[in-house]
Amino acid sequence: MRKLLADLRAATGPAHVLAEPDVVAGYATDWTRRYAGTASCVVSPGSTSEVADVIRACAAHGTPVIPQGGNTGLVGGSVPAPGPAWPAPVILSARRLTGLEPVDVASGQVTAGAGTTIAQLHGHAAAAGFRYGVDLASRDSATVGGTIATNAGGIHTIRYGPTRSQLAGITAVLADGSVISNLSGLTAGSAGYDLAQLLTGSEGTLAVITQARLRLRDPEPAAAVLLAGTAGIAQAADLLARIRAAVPGLLAAEYVDAAGLALVREAAGLPAPLPTAYQGYLLAELTRTDPAGDADIYLQRLALAALPPDTAIAQDAGGMAALWAYRERLTEAIATAGIPHKIDVAVPASELDAFCAGLREVVRAAGPGPDGPARLIVFGHIGVGNLHVNVIGPDLADTEVDAAVARLAAAHGGSAAAEHGVGRAKTGWLGWTRSAAEIAAMRSVKAALDPAGLFNPGVLLPPPDPAASPG
Ligand code: 2HG
Ligand code: ZN
């Protein structure tokens, strides 16, 4: 242990290796407090070459590496597993990899260090007259590297796609300490495997990302944010389809159920958004696809969508932020009510209603928690069929309710894991969504790039089935 610490200190400078147990425990616990593990220390390299030195040192000592960005993940993918203090993994924090180059206006791209936060990237892009296509409530902590590693989606996926769609190149350090880097951002460059895309969504199991070349978008000023009440998720999906058909430039389409709205109002002290209470709420943001054109044209077109008469519509910054608060503050509101079971799934639009009906059954079957009946909150990015199911009450050690929700999503033709990734939480469910051949191919990629299993052991891939091995 002492020799490893000495080697890491030599790689980064002593100030950037933290081994005090309290400090390490903070990094080894995830945002939800549901996942907490054991790490021997936290190392924060300041450059790609320091990352390479750290990885070589860890490889030489046979010590696993847990890459970590803002530690805002919700499936345990950025923290180690519980275990003995030694030999425990090293957490490699990307927080010091913050270099942000000037925006390349000609290509509409920027090169950012993996530790740049999404909020910093937004500010930087906006100052140059652009927008970054991924946005999410954890923007002040979530990092470029972490969002690539999880292929994060967020609130603008409906318009710009997930992180994968923003990525034009990457620098990363492989398990042998070698550096792969292609930051040219050449849209027309097609020469072999796209390693940047391979690492997107690999959840720190293949390499440590240190820099990224990112595509930026035109800014598209906001035209309006609306919040409409609906009789449930199916009606919200129908209303969304009408809005989509009537108005161009849908930037976000989010759903919050009645339980979620009640909780966020209670925790954040927000007034009722509409004169009537509803079973579900659709929040949509429209952009001005023609910034020079008449802003009111968007509202005129909205009339074609036959919105409920008491829909709240805001066009000024304050009013739009006030409507967004009902959605954006929901995760923190849930955290005030307890540590939830969080199950992030994707479901085809046509199945949303049946899935939500099944959910209520699943939660009823899970039984009450110590403080009364289990609470079910459903919200998320309805425009892309991505729902965040939160259940508060059932014992956290019991993952049956989590698995039942994920199985239900798969049974409705959806995915047991969506924008939050697989992490440690969902490895056993991968086979519900991906075929045996796909998982075998993933194992081959892992074995080729990380033969010793140095990076993020226990994340993404289920442990091999001993019954399936020839020996
Ligand atoms: C969001 O969309 C995040 O706000 C968090 O993905 C979801 O808290 C959750 O379950
Ligand atoms: Zn989300």
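Residues numbered from 1 in each chain as written. Chains lettered and ligands numbered in written order. Predicted model: local features only at pLDDT ≥ 70, side-chain atom pairs only at ≥ 80, totals over all residues. Heavy atoms only, no water.

### A short note on the side chain of Ser78
- Along the chain, Ser78 falls in the loop between strand 3 (65-68) and strand 4 (90-93).
- At 2.8 Å, the side chain of Ser78 forms a polar contact with the side chain of Asn71.
- Those residues within four positions of Ser78 in sequence are excluded, and the remaining contacts are Ile66, Pro67, Gln68, Asn71 and Gly73. (Helix = DSSP H or I, 4+ residues; strand = E, 2+ residues; numbered from the N terminus. Polar contact = N/O pair within 3.5 Å; in protein donor to acceptor, adjacent residues only side chain to side chain. Contact = heavy atoms within 4.5 Å.)

### Side note on the sheet that holds strand 3
- With mixed pairing, four strands are arranged side by side in an open sheet as 1-2-4-3. The strands lining the two open edges of the sheet, one partner per strand, are strand 1 (17-18) and strand 3.
- The sheet contact formed by strand 2 (residues 41-43) and strand 4 spans three bridges and is parallel. Of the residues in strand 4, the one forming a bridge with Val42 is Ile91.
- Set on the sheet, helix 3 (residues 48-61) makes contact with strand 2, strand 3 and strand 4; between it and strand 4 the angle comes to about 170 degrees. (Pairing = 2+ DSSP bridges. Axes fitted to C-alpha atoms, helices over the stretch in contact; angles between N-to-C directions.)

### Topic: the pairing of strand 9 (residues 208-217)
- Where burial is concerned, most of strand 9 is hidden: seven out of the ten residues are buried.
- Note that strand 5 (residues 109-113) and strand 9 share five bridges and pair antiparallel. Within strand 9, the residue paired with Thr111 across the bridge is Arg213.
- As paired strands, strand 6 (residues 131-132) and strand 9 are joined by two bridges and run antiparallel to one another. Directly across from Tyr132, in strand 9, lies its bridge partner Leu216.
- Relative to strand 9, strand 7 (residues 167-173) is paired through six bridges, and the arrangement is antiparallel. Bridge assignment links Leu167 to a residue of strand 9, and that residue is Leu214. (Buried < 20%, exposed > 50% of the residue type's maximum accessible area, 1.4 Å probe, protein only.)

### Observations concerning the packing of aromatic side chains
- All chains considered together, the criterion is met by two aromatic pairs.
- A ring pair is formed by Tyr278 and Tyr281, whose centres lie 6.1 Å apart and whose planes are at 85 degrees; its orientation type is edge-to-face.
- Summarising the aromatic geometry, the rings of Trp429 and Trp432 are spaced 5.8 Å apart at their centres and angled 0 degrees between planes, so their arrangement reads as stacked. (Phe/Tyr/Trp six-rings, centres within 6.5 Å; stacked < 30°, edge-to-face > 60°.)

### Considerations on helix 4 (residues 118-127)
- Buried residues of helix 4: Ile118, Leu121, His122 and Ala125, and no others. Take helix 4 and look down its axis: the buried residues cluster within an arc of 100 degrees, on one side only.
- Of the surrounding elements, those touching the buried residues of helix 4 are strand 5, strand 6, helix 5 (144-149) and strand 9.
- Positive phi shows up at Gly129, right after helix 4, with a value of about 85 degrees. (Arc of directions from axis to C-beta.)

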